[in-house]
Amino acid sequence: MGMREIAVVGAGQSGLHLALALQADGHRVTVVAERTPEQIRAGRITSSQAMFGPARAIERAAGLALWDGVAPDTRALHTVVGVDAKPVLTIDAQPAAAAHSVDQRVKTAAWLELFEERGGRVEYRRLEPDGLAALAARHELTVVAAGRGALGSVFARDDARSRFDAPQRTLACLYLNGVGTPADLPSTAGDPARIHIVAGAGELVLQPALTLSGPCVILLWEAVPGGPLDVFGDGPDPATALARSLDLIRWHLPWEYEALSDAEPTDAGATLFGAVTPIVRHPVARPTPDGGPVLGMADTLVLNDPITAQGANNATRCAALHAAAVTEHGDGPFDEAWMRGVFAAYWEQARHTVDFTAAMLGPLPDHIGWAFAEAAARPEVAARLAGTYEDPTDFSRWLGSPEATARYLTGSAAPGGTAGPSV
Ligand SMILES: Cc1cc2nc3c(=O)[nH]c(=O)nc-3n(C[C@H](O)[C@H](O)[C@H](O)COP(=O)(O)OP(=O)(O)OC[C@H]3O[C@@H](n4cnc5c(N)ncnc54)[C@H](O)[C@@H]3O)c2cc1C
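Just so it is clear, the structure is predicted and the values come from calculations on it, not from any experiment. (Residues numbered from 1 in each chain as written. Predicted model: local features only at pLDDT ≥ 70, side-chain atom pairs only at ≥ 80, totals over all residues.)

> Please give an account of the domain arrangement of the protein chain that cites residues and values.
By the assigned domains, the protein chain splits into domain 1 (5-66 + 102-164 + 279-360), domain 2 (77-100 + 168-275) and domain 3 (365-411). The straight-line distance from the C-alpha centre of domain 2 to that of domain 3 is 24 Å. Counting from both sides, the interface comprises nine residues of domain 2 and, opposite them, 11 residues of domain 3. No other element matches strand β5 (residues 86-93), which puts five residues into the side of domain 2 that touches domain 3. Among the residues making up the side of domain 2 that touches domain 3, the classes are represented as six nonpolar, two polar and one charged. (Domains from an automatic or database assignment. Contact = placed C-beta atoms within 7 Å. Helix = DSSP H or I, 4+ residues; strand = E, 2+ residues; numbered from the N terminus. Nonpolar A, V, L, I, M, F, W, Y, C, P; charged D, E, K, R; others polar.)

> Residues and numbers for helix α8 (residues 311-328), please.
In an α-helix there are 3.6 residues to a turn, and that puts residues three or four apart on one side. Here α8 spans 25 Å end to end across 18 residues, near enough to the 26 Å set by a 1.5 Å rise per residue. Where burial is concerned, most of α8 is hidden: 13 out of the 18 residues are buried. A positive backbone phi angle near 60° is found at G330, which sits one or two residues after α8. (Expected span 1.5 Å × (residues − 1). Buried ≥ 20, exposed ≤ 12 C-beta atoms within 10 Å, placed from the backbone.)

> Hey, could you go over the site of the ligand for me, with residue numbers and the actual values?
Near the ligand you find 35 residues, and of these G10, G12, G147, G149 and G311 are the closest. For the shell around the ligand, the elements supplying multiple residues, two or more each, are α1 (13-24), β2 (28-33), β9 (170-177) and α8. Counting residues per element, the shell around the ligand draws most heavily on α8, which supplies four residues. In terms of residue class, the shell around the ligand is built from 18 nonpolar, 14 polar and three charged. (Near = placed C-beta within 6 Å.)

> Tell me what's going on with the nonpolar core, and back it up with residues and numbers.
Ranked by size, the top nonpolar core spans 121 residues in total, and within it V8, V9, L18, A19, A145 and L174 carry the most contacts. In terms of residue count, the dominant contributor to this core is helix α9 (residues 336-361) (nine residues). Residues contacting L18, with those up to four places away along its chain left out, are V8, V143, A145, A319, H322 and A323. (Core = buried A, V, L, I, M, F, W, Y, C linked by C-beta atoms within 7 Å.)

> Can you lay out the pairing of strand β4 (residues 77-83) for me, pointing to particular residues and giving the numbers?
The buried fraction of β4 amounts to six of the seven residues, a majority that puts the element mostly inside the structure. Here seven bridges tie β4 to β5, and the two strands are oriented antiparallel to one another. Each bridged residue has a counterpart across the sheet, and for V80 the counterpart in β5 is T90. What sits between the antiparallel neighbours β4 and β5 is a turn of two residues, in which D84 has the positive phi angle 50°. Pairing of β4 with strand β10 (residues 193-198), which is carried by six bridges, proceeds in the parallel orientation. When the bridges of β10 are listed, T79 appears paired with I195. (Pairing = 2+ DSSP bridges.)

> Outline the sheet that holds strand β1 (residues 5-9), supporting the account with residue identities and numerical values.
Two pairing modes exist for strands in a sheet, parallel and antiparallel, and in both the strands are linked by backbone hydrogen bonds. Strand order in this open sheet of six strands is β7-β2-β1-β8-β17-β16, and the pairing throughout is mixed. Sheet topology places β7 (121-124) and β16 (284-285) at the edges, where each strand pairs with a single neighbour. Both strand β8 (residues 141-144) and strand β17 (residues 294-296) contribute to a ladder of two bridges, which runs parallel. When the sheet's bridge partners are listed, V144 is paired in β17 with G296.

Shown next, in the form of structure tokens:
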């Protein structure tokens, strides 16, 4: 089986996992990275990057789980629905395996160094669209893993699969030290991720994580555009972002206020503001009409709002799938048909995240609201909800339609359990 010459554009979650996996399989890999490890560490945060058990298992199998036992494990999800500053529904669930979050500055800088230490070639530059053809001409396969960067626009939008023309949330992310735990949380499962739904206005997620200086808590606002949580559009400095967050928490989520009253930003780069327009793109681009095709992957092709915390998990799935497809292909040509086949296999997973995320972004459909209410009362329903974050392919089986939800909720009702509405 031949050693192949492969270029990967983008040193992020998917690109570096793919590059390291292909390198381990004996291929000659070039990574195009716009920043050095030092620049990554000195820069801003890029995500809140919660990784659930199945994606962590893929990293472990690839020898890339360098932060197991270092980053704090998250063994429980504590979800609160708040209406008019009062908690009206609480769901406590334990995923089957622990989740965790490693600051992508920590993770991608270390992976990039590892790739170079193992003899991998890195070209440090920002690749512009007009440089893609030359790169593709020098490699048997060129993969674009540029995340939500502008380079993705070389891949045409798939209008049939893209649901939105505009962001459904504005995002404000802030890494904090000194965050406590509200006194009324169940104390059995360690520090949970706390997911707060502010009815009509958006969400706040608080997630234990590992950053450059050690453990921290990541705060992520998901604000309905133009609503009361959408107050970070001017990109404030970390101290101002924290002050505004505390104001919002005091007003909308007062049960969290005390736990955050001593919080401080972790560092000068501890903020990220913006918005994501969810999109699905066609997987293959031809930089020049007579040149070879290039293949996109992960966020470059299937970009979701982070409300369901799936992008990094899917990037991992995508990288493992692409690495296996390359190696299994032996000496075969990396032509357009092969590329479309690889993406089709990825889409079979990724489409469930697109459905799951679209449902969580909109006004919550009645049947999902019903599932939430049942999850608050029945541990097995709560566990299935947590399991859907670990494996979103389960979404369609029980939350994809009112019928599927009714079938599960009524069929599995414990004696004396809540009866569902007729559908
Ligand atoms: C606020 C926020 C919170 C999130 N929270 C979660 C979460 O909790 N769980 C989860 O699973 N996902 C989460 N995500 C999504 C997750 O971060 C992404 O889906 C994931 O990182 C995608 O991996 P990727 O490899 O496609 O892109 P990225 O990890 O973004 O990597 C792309 C890389 O390409 C580089 N690049 C871009 N353009 C060029 C160019 N022209 N030349 C050279 N290099 C280039 C970039 O510098 C970057 O290193 C979140 C995203 C955001 C914005």
